[in-house]
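# An overview of the molecular structure
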Amino acid sequence: MRRKIPSTTALSVFESAARHRSFTLAAVEQAMTQSAVSRQVAALESFLGVKLFRRTKRGVVLTEAGRHYSEQVGARLEGIERDTLELMASRGQGGSLEIAVVPTFATKWLLPRLGAFQRQHEGTFVHLTPRTRPFLFDGTPFDAAIYAGEARWPGTDVHFLMRENPIAVASPDLIAPRHVLKANELGRLPLLQQSTRPYAWRHWFDSLGVQSPNDMAGPRYELFSMLTEAAIHGLGVALIPRFMVEDELERGRLVQVVKHDYLSDRAYHLAYPQQRCERPLLAAFRTWLEAEATRYREANGLG
């Protein structure tokens, strides 16, 4: 049976006109005349039996149906373009994975190791996209996600990687001439907070049996990379997993202000939709990632 699909030219022209809210700008982008854009849109509306635009004295305005359809068409055209570019880049060989990641984990831990996986699987590509908030896999291009949180994600297979091991760090200038402080002395310094972990400092103090009245006070940042830079520039003391600041500690840009290591309840996991679990490249990536995480945990006493 022939599929009920409009011409890709009409869809591309419509998506451009919807995105720009202008036939004139769509004509420039599509390298055609404005009247040609109008004919393509009219042909699409005739095919669908639905008005996509309202013509006004000031130009064109999307109908509600047109707005909803443009979002769907735009996402699918992006997918087709992505698949096309991938095929062109690989010349039909290998494959690729689309992975959603928490940014600093990807930058500080995953990327330095990722070359080993790609050398083992020549011709493959692992594409990383930052995501800091939960999402549903449906309607996204992602094959898997690496996230920090609980081991619950409905409809997915979830694999434990490692627990966070936060340490208190600051610029050496902030605590000079001291090199190390006691936990109960941190109350006199600004405590940098992470907005996605509002109780991080409280849990850290609890692990030492110390109470601090200011454990939830201080400037808030969303990403560990922001916390790191804020600490380097002397804005306060930050609580950051050790693996994310190893370079800064080695170079002396940061110091561990309290000699205390502990494992928080927060952990990193790999999750992917259950229906994709048999995909060979994803299975290979999971096996490699679990082995790398196990090696890191054993080398750093993370259990």
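See the structure printed just above.
The written sequence of each chain sets the order in which its residues are numbered from 1. It should be noted that, the model being predicted, local features are given only for residues of pLDDT at least 70 and side-chain atom pairs only at 80 or more, the latter also being counted only at that level, while totals for whole chains, interfaces and linings use all residues. Side-chain figures throughout are based on the complete set of non-hydrogen atoms in the structure, without hydrogens or water.

## Comments concerning the layout of surface pockets
- Considering only enclosed or pocket space, the largest pocket measures out at about 540 Å³ in volume.
- Those elements giving two or more residues to the lining of the largest pocket turn out to be α5 (103-120) and β5 (144-149).
- Runs of H or I in DSSP of at least four residues are treated as helices and runs of E of at least two as strands, each being numbered from the N terminus. Element by element, the count of residues in the lining of the largest pocket is highest for β5, at 5 residues.
- Grouping the constituent residues of the lining of the largest pocket by class yields 17 nonpolar, 5 polar and 7 charged. Of the grid points, spaced at 1 Å and generated over the protein atoms alone, those admitting a 1.4 Å probe that cannot get out make up cavities, while open sets with protein on both sides within 12 Å along at least five of seven lines make up pockets; any residue with an atom within 4 Å of a point is treated as lining. Grid points are joined across faces, edges and corners, and a volume is the space filled by probe spheres set on the points. Basically, the charged four are Asp, Glu, Lys and Arg, the nonpolar ten are Ala, Val, Leu, Ile, Met, Phe, Trp, Tyr, Cys and Pro, and anything else, Gly included, counts as polar.

## Topic: the nonpolar core
- For the purposes of this section, nonpolar cores are sets of buried Ala, Val, Leu, Ile, Met, Phe, Trp, Tyr and Cys residues that join through side-chain atoms within 4.5 Å. The buried label goes to any residue with under 20% of its type's maximum accessible area, the exposed label to any with over 50%, and the partly exposed label to all in between, with areas taken from a 1.4 Å probe on protein chains only. Phe105, Trp109, Leu110, Ile146, Tyr268, Phe285 and Leu289 are the most contacted members of the largest nonpolar core, which has 41 residues in total.
- At 7 residues, the largest contribution of residues to this core is made by helix α10 (residues 280-299).
- Between two residues, a contact is recorded if the distance between any of their heavy atoms is within 4.5 Å. Those residues in contact with Leu110, other than ones at most four positions away along the chain, are Val101, Phe105, Leu128, Ile146, Trp288 and Leu289.
- Core analysis: the second largest hydrophobic core is formed by 18 residues, Ala18, Val37, Phe53 and Leu62 among them.

## Some points on the environment of Ala230
- In this fold, Ala230 is placed in helix α8 (residues 224-232).
- Spatially, the C-alpha atoms of Ala230 and Leu192 are 8.0 Å apart, while their sequence positions differ by 38 residues.
- Ala230 has contacts with Leu192, Tyr221, Leu235 and Gly236, leaving out every residue within four places of it along the chain.

## Quick word on unusual backbone geometry
- Here the residue pair Ala176 and Pro177 is connected by a cis peptide bond, since its omega of 5° sits within 30 degrees of zero.
- Structurally, Pro177 can be placed in the loop between α6 (172-175) and β8 (193-194).
- Even without being a glycine, Ala31 presents a positive backbone phi close to 55°.
- Take Ala31: it is sitting in the loop between α2 (23-30) and α3 (34-48).
- With relative accessibility at 71%, the residue Ala31 sits in the exposed group.

## Digging into the pattern of salt bridges
- Salt bridges are defined as contacts in which a side-chain nitrogen from Lys or Arg sits within 4 Å of a carboxyl oxygen from Asp or Glu. Applying the stated criterion to the full structure yields 13 salt bridges.
- Linking Arg67 and Glu71 is a salt bridge whose minimum nitrogen-to-oxygen distance equals 2.8 Å. Of the two residues, Arg67 and Glu71 are both situated in helix α4 (residues 64-90); the distance of 4 residues between them amounts to about one turn of the helix.
- On the basis of relative accessibility, which here comes to 47%, the residue Glu71 falls in the partly exposed class.
- Between Asp261 and Arg242 there is a salt bridge; the shortest N-O distance is 2.9 Å. Of this pair, Asp261 sits in the loop between β11 (255-256) and β12 (267-273) while Arg242 sits in the loop between β10 (238-241) and α9 (246-250), and the two are 19 residues apart along the sequence.
- Classification of Asp261 as partly exposed rests on a relative accessible area of 44%.
- By relative accessible area, Arg242 is classed as partly exposed at 22%.
- The structure contains a network of salt bridges with shared partners spanning Glu15, Arg19 and Glu29.

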